[in-house]
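Chains, contacts and geometry: an overview
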Amino acid sequence: EASLPKGPWSFRILSIVLLSPVYAAMLCCFGTLAGRHLYFAGMAVKIWGRILPRPLSSRLLCSPARLKQAAKAADKEATPQVVKQA
């Protein structure tokens, strides 16, 4: 019987190696069809980031998602931090 906890090691490895990328690709495709490409592209990159090294996974972002990520980082740096005094 093939299941993740009880199955052979080949099943465990293949299920992680194959299902994660397929799920990420489907997420990105269906997200694009739903009009939420930027959000789901970021989610797909997070999934790929768990498998691939960081320099390689950061290259997976499309140019609109990269621009949005850079704008968000710049906005975060420009926003002053409020410090509460005790």
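Let me sum up the structure you'll find in this document.

Calculation rules
Residues numbered from 1 in each chain as written. Predicted model: local features only at pLDDT ≥ 70, side-chain atom pairs only at ≥ 80, totals over all residues. Heavy atoms only, no water. Disulfide = S-S within 2.5 Å. Axes fitted to C-alpha atoms, helices over the stretch in contact; angles between N-to-C directions. Helix = DSSP H or I, 4+ residues; strand = E, 2+ residues; numbered from the N terminus. Parallel < 35°, antiparallel > 145°, perpendicular 65-115°, else oblique. Contact = heavy atoms within 4.5 Å. Nonpolar A, V, L, I, M, F, W, Y, C, P; charged D, E, K, R; others polar.

With respect to the state of the cysteines
As enumerated under the stated definition, the model contains 0 disulfides in all. The closest cysteine sulfur to the non-disulfide-bonded C28 is located on C29, 6.1 Å from its own sulfur.

Observations concerning the packing of helix α1 (residues 9–33) against helix α2 (residues 37–49)
Viewed as axis vectors pointing N to C, α1 and α2 meet at an angle of 175 degrees, and their least axial separation amounts to 8 Å. By the angle between their axes, α1 is roughly antiparallel relative to α2. Residues S20, P21, Y23, A24, L27, C28, G31 and T32 of α1 form the contact with α2, whose own contacting residues are H37, F40, A41, A44, I47 and W48. Classifying every residue of the contact of α1 with α2 by side-chain character gives 10 nonpolar, 4 polar and no charged.

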